[in-house]
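# Working through the structure, step by step
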Amino acid sequence: MRLETKDVVVSLSRKDIVKQVSVQVRENEFVGLLGPNGSGKTTLLKSIYRVLRPSAGYISIDGTDMRQLHVKDTAKRMGVVSQFNNLAFDFTVEEMVLMGRAPHKKAFSQDTEEDYRIAREALEKVDMLDFRDRSFMTLSGGEKQRILLARTLAQQVEMLVLDEPTNHLDIKYQIQIMDVVKSLGIGVLAALHDLNLTLMYCTYVYVLKDGRIVADGPTEDVITEDLIRRVYEVDCSVERHPKSGKLHVTFFSNLQED
Amino acid sequence: MSKKTETKVYTNSRHAFLRVLIIVFAIALVLSILLAVTIGAVKISFGDVYRIVIYNATHFKIGSVETGILIGDLDFASKGTMYEIVWNVRMPRVMMGAIVGILLAMCGVVMQATVQNPLADPYILGISSGASLGATFSIMIGASALFSGVLAGMGTAFWAFAGALGAMALVMTLAHVGGGRITSAKLVLAGCVVGSLFGAFTNIIVYIGQDAENMKNVTYWLMGSMAAARWHNLALPGICMVAGLLFFITQLRTMNTLLLGDEAAITLGVDLGKWRRVYMVVTSLLSAVAVCTCGIVGFVGLMIPHIVRGFVGSDHRFLLPIAALAGGIFLIWTDVLARVIIPNSEIPIGVITSAIGAPIFVYMMIKKSYGFGGADR
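First, a word on what this report is: a plain description of the structure on this page.

## So, the layout of surface pockets
Estimated volume of the second largest pocket: approximately 450 Å³. Together, 20 residues line the second largest pocket, and Q110 of chain A together with R19, L252, R317 and F318 of chain B are the ones closest to its centre. Contributions of two or more residues to the lining of the second largest pocket are made by α1 (2-36), α9 (235-249), α10 (252-258) and α14 (316-340) of chain B. Residue composition of the lining of the second largest pocket, by class: 12 nonpolar, four polar and four charged.

So this is what it looks like as structure tokens:
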């Protein structure tokens with residue numbers, strides 16, 4: 001599946017937050033979306049997963065304008081892990097993950113053994129199978145985040161849209177979740193804060209600033225000391241790590257050390 | 001491998017248990033109906049009550065001389081005081097309790113899912129304030145004073161229904177103002193605004209009216225009662241209840257998804273805006289029907305869904321049927337209390353539902369394991 005936005009403009013309270021942004025995620029491509037706070041990453045993603053409506057431009061899946069597709073059809077093909085909101089009602093972890101099967105279900109169809117198997121496999125992948133009978137609300141932020149990923153895995157989609165999926169997670173699970181996502185071998189569009197994680201997993205990145213794309217290209221070409229200074233306004237050095245062979249960003253404090 | 005088998009058994013047994021629970025509640029509802037008919041201010045023996053009920057319910061087949069199935073002397077079963085009390089007063093009343101209880105509890109469950117707010121009840125869109133205004137207007141001023149023709153002749157129920165629909169339309173319009181998607185917060189606020197506006201109108205009518213007898217009627221109506229139940233006015237709420245149940249049974253999966261929040265619902269393929277509007281209009285219509293037949297019966301639509309959710313969880317496939325049945329059972333028995341608690345008198349059922357409901361609610365608030373749908377913090 002190929003996801004494409006073309007000159008998308010999204011306005012909130014009459015202010016343009018996303019300004020004529022065109023991005024493209026090809027099949028099996030892990031694409032990162034970078035940018036400082038307030039640069040419009042989340043807003044762009046929300047318009048892609050249909051919570052916000054673009055005021056101009058269009059978003060397409062395999063060349064079909066998304067407005068012509070029912071939300072149920074997009075839900076069968078595109079899964080979303082967004083920044084976590086509190087719930088008003090409780091479910092068990094397993095019920096929560098089974099909800100990921102919803103787009104594939106008709107009104108009357110029962111949850112089959114197949115659905116349970118898919119849900120359990122998803123829970124296994126995020127290392128949460130032992131929590132299946134727990135109440136979702138009693139989980140920690142990081143555990144909730146992993147359950148939501150499991151729910152999206154149970155959706156069995158061709159494309160993932162992730163909004164800072166590693167928020168709330170300690171480093172072990174940051175790497176675990178990114179590994180899980182990468183190993184699915186499907187298209188991914190992920191808004192990320194951590195440049196080193198981006199360098200580890202993304203093959204292509206778009207950099208947003210003030211609602212516009214200021215740079216895009218293969219990850220290692222785009223993430224440079226100069227770009228980080230321009231976009232994030234911090235000093236750093238980007239060097240190839242001797243062991244991993246990947247580029248690595250080291251940031252410098254603004255405080256003068258004696 | 002053994003781990004997986006264990007999970008499967010667990011899940012299925014829990015669901016199997018809940019399915020059995022639905023059947024248990026259905027049986028309890030039937031038993032409640034049968035038992036509640038035997039209780040009342042006038043003492044009538046079990047045998048006589050059931051002879052009357054069976055004779056009339058089977059359209060005079062069982063008990064008639066022609067079919068040969070005799071259940072004793074049946075002169076009293078088709079005419080006279082006992083027949084009137086059992087078949088024309090108690091029976092429709094008990095049925096009305098069941099129907100309205102089911103309607104309100106069902107609407108409460110759906111409303112809470114629709115606005116994703118555990119504080120929602122069937123009256124949230126201003127139904128109660130609108131119905132109050134309509135009823136007060138009809139009782140205190142009298143429609144004939146302002147209208148002529150058909151409108152003038154309409155009873156309190158009609159005006160209550162009209163008021164409820166008016167309030168609902170106003171709340172929906174207000175929630176739309178300013179554009180954008182209808183959010184739960186907007187709806188709740190619009191409901192409050194319309195509630196206080198209509199409340200003000202109601203108060204001014206009562207204040208100007210100053211007629212003690214009418215005032216008592218208004219108060220009585222506002223607090224709800226099944227006393228007006230007769231076979232002929234059971235039809236509308238009965239049909240609405242069945243239609244509502246049939247409709248919402250097709251929506252249980254969608255309602256589950258709605259509970260996950262706006263964004264999650266959309267990303268799981270639910271056309272949120274459309275269904276939210278549909279559910280609100282349907283539940284409001286159903287609650288308006290309930291309100292106009294028996295006044296405002298508070299607490300059932302709020303409390304029953306909570307209590308049941310505390311035991312069976314948030315999965316609507318089990319919550320909705322069990323809550324609906326529990327609502328019916330609850331209202332049957334509160335109505336029995338309303339009839340017998342003070343000899344030779346009757347108190348409004350709304351008083352009893354609140355008097356029983358409030359302590360149960362407090363108990364559930366204190367009990368740590370139930371967070372009113374929310375987390376335990």
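## Some words on unusual backbone geometry
Leaving glycine aside, a negative phi is the common case for residues, and trans is the common case for peptide bonds. Residues and elements named next belong to chain A. Phi is positive for R14, which is not a glycine, with a value near 65 degrees. One can find R14 in the loop between β1 (3-12) and β2 (15-21). R14 gets classed as exposed once you look at its relative accessible area, which sits at 83%. For Q156, which is not glycine, the phi dihedral falls at a positive 50 degrees. Residue placement: Q156 occurs in the loop between α5 (141-154) and β8 (159-163).

## Brief notes about the interface of chain A and chain B
Contacts between chain A and chain B engage 41 residues on the former and 41 residues on the latter. Carbon and sulfur atoms make up 54% of the surface buried where chain A meets chain B, a total of about 3,500 Å² over both sides. Per-residue buried area on chain A facing chain B is highest for V51, F89 and R120 of chain A; these three make up 18% of the total on that side. With its nearest N and O atoms 3.0 Å apart, the salt bridge here joins D111 of chain A to R317 of chain B.

## Here we look at the sheet that holds strand β9 (residues 187-191) of chain A
Residues and elements named next belong to chain A. In spatial order, the strands read β7-β8-β9-β4-β10-β11; together these six strands make up an open sheet with mixed pairing. Each edge of the open sheet is held by one strand with a lone partner, namely β7 (78-81) and β11 (212-218). Averaged over neighbouring strand pairs, the angle between their axes works out to 15 degrees when direction is ignored. Bridging between β8 and β9 involves five bridges; their strand directions are parallel. Note that in β9 the partner of L162 across the bridge is A190. Across the face of the sheet, helix α1 (residues 41-48) comes into contact with β4 (30-34), β7, β8, β9 and β10 (204-209) while running at roughly 145 degrees to β8. Across the sheet, α5 lies against β7 and β8, angled at about 175 degrees from β7, the strand it touches most.

Analysis parameters
Residues numbered from 1 in each chain as written. Chains lettered and ligands numbered in written order. Predicted model: local features only at pLDDT ≥ 70, side-chain atom pairs only at ≥ 80, totals over all residues. Heavy atoms only, no water. 1 Å grid on protein atoms, 1.4 Å probe; cavity = no way out; pocket = protein on both sides within 12 Å on 5 of 7 lines; lining within 4 Å. Points joined across faces, edges and corners; volume = space filled by probe spheres on them. Helix = DSSP H or I, 4+ residues; strand = E, 2+ residues; numbered from the N terminus. Nonpolar A, V, L, I, M, F, W, Y, C, P; charged D, E, K, R; others polar. Buried < 20%, exposed > 50% of the residue type's maximum accessible area, 1.4 Å probe, protein only. Contact = heavy atoms within 4.5 Å. Buried area = accessible area lost by both parts, 1.4 Å probe. Salt bridge = Lys/Arg side-chain N within 4 Å of Asp/Glu carboxyl O. Pairing = 2+ DSSP bridges. Axes fitted to C-alpha atoms, helices over the stretch in contact; angles between N-to-C directions.

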